[in-house]
Amino acid sequence: MNCDPASKILPPHDAALQRAADALRAGRLVGMPTETVYGLAADALNPVAVAHVFEVKARPRFDPLIVHCPDTGSAQECVADWPEQAQILAQALWPGPLTLVLPRREHIADIVTAGLPSVGVRVPSHPVTHQLLRLVDRPLAAPSANRFGGVSPTRPDHVITELGDAEMLDCVLDGGDCRTGVESTVLSLPHGRGGPESPIVLRLGGVSVEAIEALIGPVDLAQHRYAANLREAEQQGLCSPGTLSRHYAPCTPLTLWTEESPPPMVEGECCGLLSFTRLPAWADEACFADIEVLSERGDPAVAAARLFAAMREMDHLNLDRIIALPAPDEGLGRAINDRLSRAATA
Ligand code: TXA
Ligand code: MG
């Protein structure tokens, strides 16, 4: 038997897809590409399989998982109410990086939703995921395939680095580099059985707030609405447990630098610079051990797709600190800045 964890990466041929589907049906876990990040998938209708996801990721049980479906009809089967806003958003933005939080149906196990009365559902757009969902013929619960709190994987080898040793991980389907590169936007909608008073973005992500507002009107951001008492709001289930302030973090300390002037650097400190776009003039003078420019042309889509891989690479360089220069705070840039500022929260 080949014990090299890298041998779990399989090109997504028919035989590999069938093996992955069989493994999922048998209660095992599969590394699954999506357009946002790689997920660690389990049969959402099998609570024991879902428990393994929490174990393998060392994820606290209070943090609910997103349920992935092949189409809107299957997503509707997971929820107990389907408001008009859900229909408008699904029609325009699915398949795609948007998760809708709605009241759950009973057959979605407590362990998936961390006991919450709601469930997050999404229809991913990656063709491999799509084929897999069709073959398995049941919804898949999948968090990002990294250890809890770490940087999400955007390539199959990242999944192996993070979780390759886990016996329960049957295989990782190779879907190439993730196109979007940041996780889905999580949106909680008002509905007939309660929910928030108006739509609220629990996590910024691959679909911009502007795109959502163009379809359903103004939405609030959870971190604004509950700014004063985020912990309390989390405890009451008002906002997503995954909005814990430190998240998506590399091991190397990261400073988010928004000033026009150069950041103060300690003599002898070995720093890397992670920049959204072309460097400011001061960067020439300062001495950085490594410089990563996410998009020379300042394209947020290009930068988002590169962000997590760049964080990982810099994390391997034994730097004392990463200094990060953010994107303009609009569109997908907001999701990039959200991940950077979480990584910067010590
Ligand atoms: O793009 C993505 O969303 C990726 C891919 C694999 O689909 N998945 C992902 O899952 O990022 P995860 O588990 O790393 O993050 C899911 C987020 C967490 O912040 C969680 O708290 C929130 O979604 N969430 C899930 N269900 C929820 C619910 N019922 N109510 C509130 N927040 C929920
Ligand atoms: Mg995650």
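On a predicted model such as this, the values are computed, not experimentally measured, just so you know.

Engineer: Lay out the sheet that holds strand S15 (residues 321-325) with the relevant residues and their values.
Structural biologist: If you trace the four strands from one edge of the open sheet to the other, you get S12-S15-S13-S14, paired in parallel fashion. Because the sheet does not close on itself, it has two edges, and the strands there are strand S12 (254-256) and strand S14 (290-293). The average undirected angle you get between the axes of adjacent strands in this sheet is 20 degrees. For S12 and S15, the ladder comprises three bridges, and the chain directions are parallel. For Thr-255, the partnering residue across the bridge sits in S15 and is Ile-323. Each of strand S13 (271-275), S14 and S15 is contacted by helix H12 (residues 300-315), which is oriented at about 175 degrees to S13, the strand it contacts most. Relative to the sheet, helix H13 (residues 332-344) contacts S12, S13 and S15, its axis offset from that of S12 by approximately 130 degrees.

Engineer: Can you explain the pattern of salt bridges? Please cite residues and give values.
Structural biologist: Inspection of the entire model under this criterion finds 16 salt bridges. Note that Arg-104 is salt-bridged to Asp-110, the shortest N-O span being 2.4 Å. Given a relative accessible area of 18%, Arg-104 falls into the buried group. The partly exposed category is assigned to Asp-110, whose relative accessible area is 47%. A salt bridge links Arg-306 to Glu-292, with the shortest nitrogen-to-oxygen separation between them at 2.9 Å. Linking Arg-306 in helix H12 with Glu-292 in strand S14, this pair joins segments that are 14 residues apart in sequence. Take Arg-306: its relative accessible area is 27%, and that puts it in the partly exposed class. Residue class for Glu-292 comes out buried when judged on its relative accessible area of 13%. Residues joined by salt bridges that share partners form a network here, namely Arg-19, Arg-28, Glu-167 and Asp-170.

Engineer: Pulling in residues and values, what's your account of the packing of aromatic side chains?
Structural biologist: For the structure on display, the rule yields two aromatic pairs. Taken together, a centroid distance of 6.1 Å and an interplanar angle of 40 degrees make the contact between Trp-82 and Trp-94 tilted. With Trp-82 in the loop between helix H3 (72-78) and helix H4 (84-93) and Trp-94 in the loop between H4 and strand S5 (98-103), this pair connects stretches of sequence that are 12 residues apart. We note that Trp-82, like Trp-94, is buried. Between Trp-282 and Phe-288, the ring centres sit 6.5 Å apart and the planes meet at 50 degrees, which makes this aromatic pair tilted. The exposure class assigned to Phe-288 is buried, which follows from its relative accessible area of 12%.

Engineer: Explain the side chain of Thr-252 to me, using residue names and the numbers behind them.
Structural biologist: Here Thr-252 is to be found in the loop between helix H10 (230-235) and S12. With relative accessibility at 8%, the residue Thr-252 sits in the buried group. Within the structure, Thr-252 has its side chain in polar contact with the side chain of Asp-315 (distance 2.5 Å).

Engineer: I'd like a description of the pairing of strand S3 (residues 39-43), backed by residues and values.
Structural biologist: In the case of a regular strand, side chains alternate between the two sheet surfaces. The element S3 is largely enclosed, with a buried count of five among its five residues. Neither face of S3 is left uncovered, since the one carrying Gly-39, Ala-41 and Asp-43 and the one carrying Leu-40 and Ala-42 both have all their residues buried. As consecutive antiparallel partners, strand S2 (residues 29-32) and S3 are separated by six residues. Judged from the two bridges that link them, S3 and strand S7 (residues 140-141) form a sheet pairing that is antiparallel. The partner of Asp-43 across the bridge, within S7, is Leu-140.

Engineer: Could you give me a rundown of H4, with the residues and numbers involved?
Structural biologist: Burial in H4 covers these residues: Ala-86, Leu-89, Ala-90 and Leu-93. Around the axis of H4, the buried residues are gathered within 100 degrees of arc, so they sit on the same side. What points out from H4, more than 90 degrees from its buried face, is the exposed set Glu-84 and Gln-91. Contacts from the buried residues of H4 go to H3, S5, strand S9 (185-188) and helix H8 (209-216).

Engineer: With reference to specific residues and values, describe the nonpolar core.
Structural biologist: Core analysis: the biggest nonpolar cluster contains 78 residues, and Leu-100, Leu-187 and Leu-274 have the highest contact counts within it. Take this core: its biggest share by element is seven residues, from H12. Beyond its immediate stretch of four places on either side in the chain, Leu-100 contacts Trp-82, Ala-86, Leu-89, Trp-94, Val-119, Gly-120, Val-121, Leu-187 and Leu-189. If you look at the next biggest cluster of nonpolar residues, it comprises 18 residues, including Leu-17, Ala-23, Val-128 and Cys-171.

Quick notes on the rules
- Residues numbered from 1 in each chain as written.
- Chains lettered and ligands numbered in written order.
- Predicted model: local features only at pLDDT ≥ 70, side-chain atom pairs only at ≥ 80, totals over all residues.
- Heavy atoms only, no water.
- Pairing = 2+ DSSP bridges.
- Helix = DSSP H or I, 4+ residues; strand = E, 2+ residues; numbered from the N terminus.
- Axes fitted to C-alpha atoms, helices over the stretch in contact; angles between N-to-C directions.
- Contact = heavy atoms within 4.5 Å.
- Salt bridge = Lys/Arg side-chain N within 4 Å of Asp/Glu carboxyl O.
- Buried < 20%, exposed > 50% of the residue type's maximum accessible area, 1.4 Å probe, protein only.
- Phe/Tyr/Trp six-rings, centres within 6.5 Å; stacked < 30°, edge-to-face > 60°.
- Polar contact = N/O pair within 3.5 Å; in protein donor to acceptor, adjacent residues only side chain to side chain.
- Arc of directions from axis to C-beta.
- Core = buried A, V, L, I, M, F, W, Y, C linked by side-chain atoms within 4.5 Å.

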